Structures are given as structure tokens and as C-alpha cells.
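Here is how the chains run, residue by residue.
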Amino acid sequence: MPYIARRIAAMIPALLGVIVCIFLITRVLPGDPARTFAGEQAAPSVVEQVRREMGLDRPIWEQFFRYVGDLLRGDLGFSWHTGRTVVEEFATRLPATIELSLAALVLALLIGVPIGIISATRRDRPIDHVSRVLSLVGASMPLFWLGLMVIYLFYGQLGWQPAPLGRIDSGLNPPTSITGLYVVDSLLTGDLAALRSSLAHLIWPAMVLATGSTAIIARMTRSAMLEVIDQDYIRTARSKGLPPLTVIGKHALKNAAPVTMTVVGLQFGQLLGGAVITETIFTWPGLGSYVTDAVLATDYAPVQAFTLLAAVVYLVVNLLVDLFNGVLDPRTTHA
Amino acid sequence: MPEPTTLARTRPTTAWRLLLRNRIAVVGLVFVALWTLGALVVPLSPYGAAETGAGPLLSPPGADHLFGTDNFGRDILTRVLAGGRVSLWTGLLAVGISLVIGVPLGGLAGFLGGRFGNVVMRVMDVLLAFPPLVLAMAIAASLGAGMTSAMVAVGIVGIPEFARIMYSQTVSLRERDFVDAGHAIGLPRMTIFARHVVPNAFAPILVRATLGMGYAILTAASLSFIGLGAQPPLAEWGVMISDGRGYIISGEWWMTTFPGIAIATSILGFNLLGDGLRDVLDPRLRTSR
């Protein structure tokens, strides 16, 4: 079987495992969804009725097949605190989360990779120590606190940041929707006012969300670069008289890239977890803020749906990373 | 003869001395010791952690209240120290859950191998596909909001990491001469596993447990911040930051700043200590040269 087909086929049992896990979490853990749904004070008869209506009185395997059937029909459940289906809610909010996560990922790469390279090429010099300490601190930073401090400083005190409410100034119309990403759409439609406003709204939460990933990407890039930098072909390239930037950029980085890409793939899941927190703090109208609202309203169908989505995204992104690495380094496809 | 795979197994005092010579580890150790000490001295504070009106409402840091007071006039320093007690316990118990389930699972999977080992490790891979915070949210939500739910959720989420480390350790230890020797003298398999394999995998597990403390404190505080963990009025760092959220723009920075610094330094402490332990216990495990 070709490599791509093999990798896609290998994803199916993982996907099934993910679905079983989420099902077990909701139905087997000692919590009682019917009780939660009906409320703590509800009479036992009411709880019983809710249980019947939710199908929780059926045998466990029957519930499982019903759940899988619902998923196959694209039914992720009903969000009773907003009165709409979870799929509808997700569809309207997904672009905001994609925009924020992608922006954070781009920032993390733009900052993390150069820091890692500089650190590796100036190993054990002061700049290496500074960047290593910074990346340790960055990885230890609680996002929800960092976000609040950014708002306190850059909005509350300095006034550099627009009010942390939404994706664009409330006085402006969002750009015509093409991709759903405001920054991209306003670029495509040439709407400069919308572009400026949406960038100003995006950059702060994106920086906060990127902190942890930047730190880890810098760290992994550094150690990947250190692995290759001592090798013979790098010495050959240097002794041929190639300029240092060419040696680092074309020879070393290309061989360190698969490691960095793998970390990026793993970070994607972290970003989705971080998005929950970041969106809540910046009232960013994406999936994350919706899920925390749902949690506070003890509306758990969206939480489960988000969990499923996050795992699926993780599996798909890591598949893409493997395929990309396969192109970059064909040896990895023979493992 | 068990080969001395780690310094910790054979010469604990040497390992300890090496640890103290490692600057990074010492900084970490200081942070951890500071918060532990803080948790112990809570009763010495003139104020109660839940005492409303211990001072004027929302007074900035000053002589009477070093970290200021919150919107109920509670002393923030006392609450931060008491929060450390909650966080350290939560971390310890959560890591305990991951350890007690993950180590035997991964160890047996590696030691026995075969179909059992395969199934266990595939299940662990599936759990690793979930972003940790998201999975913890789903579990805590199912269990119902509360500190115990948060702790259990964080504990469950940590299981696959321990299982994976233990698995790879056991797979390599299984081939060692001392295991063959055990079989040769007729020791039961489980005795070899419990008495000879598990102790030799001690070093990486200790490193992971230390790093895991930081992660557990962070995740539990995040859950509390969202509303799935500790509930107000409990003095817990995530709850305190959530309480202070409404006072950020009006300028009462101290309500969120101090619990935030507490979370950051305690996590940093465990991360540094974990990194230092890794360097000392097993130089081969170092991620950064």
C-alpha cells in the first residue's frame, strides 16, 4: 500500500478509539447527566423522565450505537443554553477560532524558530542562556493570567489595545465573508479600515495564545539544530566557503525541520486547549468562549463535541505533518 | 546482578549532591520549598483565608496587607498562601493518580508484551490525541464541577505519559541480563517485575512526576478559572484570578497579579527541578545539550 493510504488507514482505529473514549467519559464516569440536566433540586420523577428522554435508561451498547449513529449523521447534540444545535453554534464560531489559532501558530513559528536557531548557533553564549531561560518561563506561564495582565497593561493602562471585546470594533461592519477569517477577508476585499481593526483585535490574544508554543518550538528547534550542526556535511559546506547563512538556512535547517514540524503538530492540540482560555479572557467569539459559557450553564453537549473536534483536528494535523515530513525526508516513510 | 542504571538507585547521597550543584535545579528547589513553607505557615497569619472584612475593600498592597485586599476585604497574602496548600495537595494527589495507574499499566504492557501490551499502548495513544486541558474539561464536566473532579480529571489525563515512559523503560530493561538471571533462578515473573524491573525505571518516572506536578497545578487552576474546579469562596489560585477578572480594567491589579505570580513561580519551580533532576539522574535523557 502507498504510504499515504497506509497512514490514513491507520487513523481509523484511532478515530474509533477517540469516539469510544468520549462516550465512556459521558456515560460511564460516575456523573449523572440526567441529574445535571434536570438540576440539583429536581424531583426524582423529573430526573427519571429526563433520563428516559435522553435515552439513558437504554442498555449501554445501544446508547453507544445511537451515539455513533448521531455522529455519522453529523448530529453533535443540542445546546440547550443557547437553544440551537451544537453544529449550528460551531459553524458560526469556528472561523474565529481558526483565525486565532492560525495567527498564534504563525507567531510561534516566526518567533520560536529564529530564537532556536540563534540559540543553537551561539551555544552557551549569553544570548543562548537568555533565550533558554525565557523559553522556560514562557512554558510555565498560565495563559489566563498572562491574558489578564496584557489587558491590564495594554488596554487598561497604556491604551494600545482596543477593548478586548470581539474581533473588530463594534462600529465597523465585518468584511464580506469569503474565508470567515476577518484579516484575510478584509485583505481580499481591500477594506483597510476593517483590516486595521481586525488585526488590532487579533494580535493581542494571538500573542498570549502563542506564548507556550513559542517557548517549546524554540527549545525543540535549538536541540534539533544542535543535533545537525556538528555533522560532517555541515563542516563540508562551511569549508567549501558557503556563507554562514546559507549553511544554516539551506543545509542545517532543512534537516532540523522535521523535528520542528512534528512539534508544531503536537502543539496544535495545545493551541486548541489554550484557545478555550484565551478566547474566554478576550471575549473572542470562537468555540472556546462558547464552550466555557456552556460549562458554566452545565450544558455539556458542546463540551463533548469540542473534545471530539479537538482530537480529530489533532489526528488530522499530525497526519499532515507526517506526510509533509515524508516529502522533506523520504526515509521517514519506510518506518 | 542488577546493573546500576541510575545514580538514584545506588548512591542517593551523590545524586543529591549533584542536584545541589546544578544551578537550575536549585532555583527550582527554592521556589518549591518557598510555596511549601508558605502553605505550612498559613495558620500563623493574623487573618483567615476566608475572613471577609479583614481590611477595607480593595485596598492596594501596603503595610497592613502586603498583597492588598480583595473585593470582600479578604487578605490576599493569606489567601495566596492558603491557595498554595490547595494547589500542592491537588498536584500531589493528581500526580499520585496518574502514577498509581500509569506505571503498572505501562510497565506490565512492556514486560508482558504481546497482545495485552499492544492494546494498552494503543489505548494510551488514543488518550494522547486529546489536548490535555480539553480532555480534563470533558472529564471534570462529566463528574460535575468541584475540586475533587478537577483533581481526578487532571490525574486521568496524566496517565498515558507515565504509561508511555514506563513502557519504553520496561521494554529495554526486559532484555537485560539481570532479568534473565531472575528467570534462570526460577523467580516468578511478577516478582521479577515488581522487585527488579520497576525500581530500575525509577529515575525517568521521578523526573516525569516532578514535571507533572507543575502541569497538574496549572491544569487544575485553569479548570478552576473556567468554573469546573474549586468553587468560590475557596482560596484557590484559579478562583482568585477569576474573582479578580472584573477588577482588571478598573485598575485593581493586585487581585489577579499575586495569585498569577504564585501559579507561574510554582510551575516554574517544578519545571526547573524536573529538568535538573533529569540532568543529574540520567544524562542520556537530556533533551538539551
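Structure shown above.
Residues numbered from 1 in each chain as written. Chains lettered and ligands numbered in written order. Predicted model: local features only at pLDDT ≥ 70, side-chain atom pairs only at ≥ 80, totals over all residues. Heavy atoms only, no water.

1. A short note on the nonpolar core
Next, step 1: Judged by nonpolar contacts, the single largest core of 159 residues is most densely connected at Val18 of chain A together with Leu223 of chain B.
Next, step 2: In terms of nonpolar packing, the next biggest core, distinct from the first, is built from six residues, Val120, Met121, Met124 and Ala163 of chain B among them. (Core = buried A, V, L, I, M, F, W, Y, C linked by side-chain atoms within 4.5 Å. Buried < 20%, exposed > 50% of the residue type's maximum accessible area, 1.4 Å probe, protein only.)

2. Side note on the pattern of salt bridges
Residues and elements named next belong to chain A.
Next, step 1: Using the criterion set out here, one finds 17 salt bridges over all chains in the structure.
Next, step 2: Here arginine 167 makes a salt bridge to glutamate 99, at a shortest N to O gap of 2.7 Å. One end of the pair, arginine 167, is in the loop between α7 (143-157) and α8 (182-189); the other, glutamate 99, is in helix α5 (residues 86-121), with 68 residues separating them in the sequence.
Next, step 3: The class of arginine 167 is buried, set by a relative accessible area of 8%. (Salt bridge = Lys/Arg side-chain N within 4 Å of Asp/Glu carboxyl O. Helix = DSSP H or I, 4+ residues; strand = E, 2+ residues; numbered from the N terminus.)

3. Overview of the packing of helix α6 (residues 132-143) of chain B against helix α10 (residues 202-226) of chain B
Residue and element names in this part refer to chain B.
Next, step 1: Look at α6 against α10: their axes get within 10 Å of each other, and the N-to-C directions meet at 55°. Put simply, α6 runs oblique to α10. You can see that α6 and α10 cross each other, and the crossing is right-handed. Between α6 and α10, the contacting residues are Pro132, Leu133, Ala136, Met137 and Ala140 on the first element and Tyr215, Thr219, Ser222, Leu223 and Ile226 on the second.
Next, step 2: When its residues are assigned to classes, the contact of α6 with α10 shows eight nonpolar, two polar and no charged. (Axes fitted to C-alpha atoms, helices over the stretch in contact; angles between N-to-C directions. Parallel < 35°, antiparallel > 145°, perpendicular 65-115°, else oblique. Left-handed = near helix turned anticlockwise from the far one by under 90°. Contact = heavy atoms within 4.5 Å. Nonpolar A, V, L, I, M, F, W, Y, C, P; charged D, E, K, R; others polar.)

4. Here's the deal with the packing of α5 of chain A against helix α6 (residues 126-139) of chain A
Residues and elements named next belong to chain A.
Next, step 1: In contact at an axis separation of 8 Å, α5 and α6 are set at 140° when each is read in the N-to-C sense. By the angle between their axes, α5 is oblique relative to α6. Between α5 and α6 lies a crossing whose hand is left-handed. Side by side, α5 and α6 meet where Ile115, Ile118 and Ser119 of the first sit next to Ile127, Asp128, Ser131 and Arg132 of the second.

5. Brief notes about helix α11 (residues 237-244) of chain B
Next, step 1: Of all the eight residues making up α11 of chain B, six are buried; the element is thus mostly covered by neighbouring parts of the structure.
Next, step 2: Buried within α11 of chain B are the following residues: Trp237, Gly238, Val239, Met240, Ile241 and Gly244 of chain B.
Next, step 3: On its buried face, α11 of chain B is in contact with α7 of chain A together with α3 (23-41), α4 (76-112), α10 and α12 (254-281) of chain B.
Next, step 4: Capping of α11 of chain B at its N-terminal end is provided by glutamate 236 of chain B; its side-chain oxygen lies 2.7 Å from the backbone amide nitrogen of glycine 238 of chain B. (Polar contact = N/O pair within 3.5 Å; in protein donor to acceptor, adjacent residues only side chain to side chain.)

6. Topic: the interface of chain A and chain B
Reports often express the size of an interface as the amount of accessible area lost when the parts come together.
Next, step 1: Between chain A and chain B, the contact holds 54 residues from the first and 45 residues from the second.
Next, step 2: Taken over both partners, the interface formed by chain A and chain B buries close to 4,100 Å², and the fraction arising from carbon and sulfur atoms is 74%.
Next, step 3: Sorting the residues of chain A by area buried against chain B places Phe144, Trp145 and Leu148 of chain A first, and these three jointly supply 15% of that buried surface.
Next, step 4: The interface formed by chain A and chain B holds one salt bridge in total.
Next, step 5: Arginine 219 of chain A is the salt-bridge partner of aspartate 275 of chain B, the closest N and O atoms lying 3.2 Å from each other.
Next, step 6: Inspection of the region where chain A meets chain B yields five residue pairs in polar contact (both at pLDDT 80 or more).
Next, step 7: When residues of the side of chain A that touches chain B are traced back to their parent elements, those giving at least two are α1 (3-27), α6, α7, α9 (192-229), α11 (244-281), α12 (287-296) and α13 (301-328) of chain A.
Next, step 8: Taken together, the residues of the side of chain A that touches chain B sort by class into 34 nonpolar, 13 polar and seven charged. (Buried area = accessible area lost by both parts, 1.4 Å probe.)

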